[in-house]
Amino acid sequence: MPSQYWNEKLAEQLRQFRYEFSEKTLAGKTVIVAGGTGGLGSALVAMLAREGARLIVGYRWNQERAEALRAAIREQFNAEIELVAGDIADPKILEEYVAAAQKTSQPLAGAAIFPGDPARVALEALTRETMGASLESNYVGPVLLAKRLGEIMESSAGGGNLVMLATMQAVAPFASSVNYAAPKAALVHAAKILAQQWNRVTVNVVAPGATVAGMAESSVRSGKYDRHITSGAISRFGRPEDVARAVRFFLEPGQYTNGQVLVVDGGLTTRRDRV
């Protein structure tokens, strides 16, 4: 007995080498980019604005930068973005994202969460307070926002896609990264559990490496990672566009990938021990 899910029309199309490669599939659809005014998130905002998505963009405190991004998006793409101000660890801010999504004429199709704080604290300086603050910013807030947005998309006929932003330090050990990496590792695991939760919502993770913008900018600028280029472990430092393309892949409507982690680090986590 043939499968009840078999599509003979599609099978015949494939036999004739006729494939569907859609473009601008997020045009007109609502997408949330929490933390989207930062060094990495702003590249995704620009990519999605160019595609024609309806964007709700969040920032924590830097209103000047947020307004500068809004003006740049308006100038470059003749598009408007709605801004949400505040820390996603604050339950009231979480509901502001929800309210902004509910005001749009199109259901929420996807969300990317660029969370948190670099929270780089030397091992000898770790305290209960610094660890608690990092956990709140890099794990609790992002997971609760993902849960809320996932529930909204699951209730929609079209479903949607969630992308959580972690770090290469969440998937491989790097010195002096306990305060930052441990909550991010927990975030990765939580994303995999959330990927089991819903039927119409995918949850995936992008883990950036040493990039010239975003939380790694100061480390790259200081020369901390120069040795990895000198040794041949990586050919260059990452750029915001590298991360944006990875996140956009997971936001594709009808996404077939679920519960996965894409490390965008030029291979550094694999070859970081090169001398």
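Residues numbered from 1 in each chain as written. Predicted model: local features only at pLDDT ≥ 70, side-chain atom pairs only at ≥ 80, totals over all residues. Heavy atoms only, no water.

Trainee: Which parts of the structure should I look at to understand the side chain of Arg272?
Mentor: When you line up the elements, Arg272 lands in the segment after helix H10 (268–271). Put simply, Arg272 is tucked away with no salt bridge, and the nearest opposite charge, on Asp273, sits 4.4 Å away. There is a polar contact of 3.3 Å between the side chain of Arg272 and the backbone oxygen of Pro173. Beyond its immediate chain neighbours, meaning those up to four positions away, Arg272 contacts Ala172, Pro173, Phe174 and His228. (Helix = DSSP H or I, 4+ residues; strand = E, 2+ residues; numbered from the N terminus. Buried < 20%, exposed > 50% of the residue type's maximum accessible area, 1.4 Å probe, protein only. Lys, Arg positive; Asp, Glu negative; His and termini not counted. Salt bridge = Lys/Arg side-chain N within 4 Å of Asp/Glu carboxyl O. Polar contact = N/O pair within 3.5 Å; in protein donor to acceptor, adjacent residues only side chain to side chain. Contact = heavy atoms within 4.5 Å.)

Trainee: I keep staring at the packing of aromatic side chains and nothing clicks. Help me out?
Mentor: For any two aromatic rings, the description comes down to two numbers: the centre-to-centre distance and the angle of the planes. For the structure shown, the criterion picks out two aromatic pairs. Geometrically, the ring pair formed by Tyr19 and Phe21 is tilted, given 6.3 Å between the ring centres and 50° between the ring planes. Take Phe21: its relative accessible area is 73%, and that puts it in the exposed class. Summarising the aromatic geometry, the rings of Phe249 and Phe250 are spaced 5.2 Å apart at their centres and angled 55° between planes, so their arrangement reads as tilted. (Phe/Tyr/Trp six-rings, centres within 6.5 Å; stacked < 30°, edge-to-face > 60°.)

Trainee: Sorry, what's going on with a nonpolar patch on the surface here?
Mentor: Together, Leu10, Leu14, Phe17, Tyr19 and Phe21 make up a nonpolar patch on the protein surface, roughly 610 Å² of accessible area in all. Relative to the elements of secondary structure, Phe17 occurs in the loop between helix H1 (8–15) and strand S1 (30–34). On the basis of relative accessible area, Phe17 is assigned to the exposed category, the value being 63%. (Patch = residues over 30% accessible without salt bridge, like charges linked within 9 Å, V, L, I, M, F, W, Y side chains within 5 Å. Areas by Shrake-Rupley, 256 points an atom, 1.4 Å probe, with all protein chains shown as cover.)

Trainee: Can you help me understand the environment of Arg65 in this one?
Mentor: With respect to the helices and strands, Arg65 occurs in helix H3 (residues 63–77). Judged by its relative accessible area of 39%, Arg65 is partly exposed. Placed 27 residues apart in sequence, Arg65 and Gly38 show a C-alpha to C-alpha distance of 8.4 Å. Each residue touching Arg65, except ones within four places of it in the same chain, is listed here: Thr37, Gly38, Gly39 and Ser42.

Trainee: Is there a simple way to explain the sheet that holds strand S2 (residues 54–59) in this structure?
Mentor: What the seven strands build is an open sheet, ordered S3-S2-S1-S4-S5-S6-S7; its pairing is parallel. The open sheet terminates on both sides in strands that have one partner only, identified here as strand S3 (81–85) and strand S7 (261–264). Averaged over neighbouring strand pairs, the angle between their axes works out to 20° when direction is ignored. Here S2 pairs with S3 via five bridges, running parallel. Note that in S3 the partner of Leu55 across the bridge is Ile81. Of the strands in this sheet, S1, S2 and S3 touch helix H4 (residues 91–103), which is tilted by about 160° from S3. (Pairing = 2+ DSSP bridges. Axes fitted to C-alpha atoms, helices over the stretch in contact; angles between N-to-C directions.)

Trainee: Before we go on, may I ask you to explain the pattern of salt bridges in this structure?
Mentor: Oppositely charged side chains can form a pair if their charged atoms are brought close together. Applying the stated rule across the entire model yields 12 salt bridges. Between Arg248 and Glu51 there is a salt bridge whose closest N-O contact spans 2.8 Å. With Arg248 in helix H9 (residues 240–251) and Glu51 in helix H2 (residues 41–51), the pair connects residues that are 197 residues apart, well separated along the chain. As a salt-bridge pair, Arg236 and Asp242 come within 2.9 Å of each other at their nearest N and O atoms. Taken together, the shared-partner salt bridges connect Glu8, Glu12 and Arg15 into one network.

All we've got here are geometric facts, nothing functional implied.
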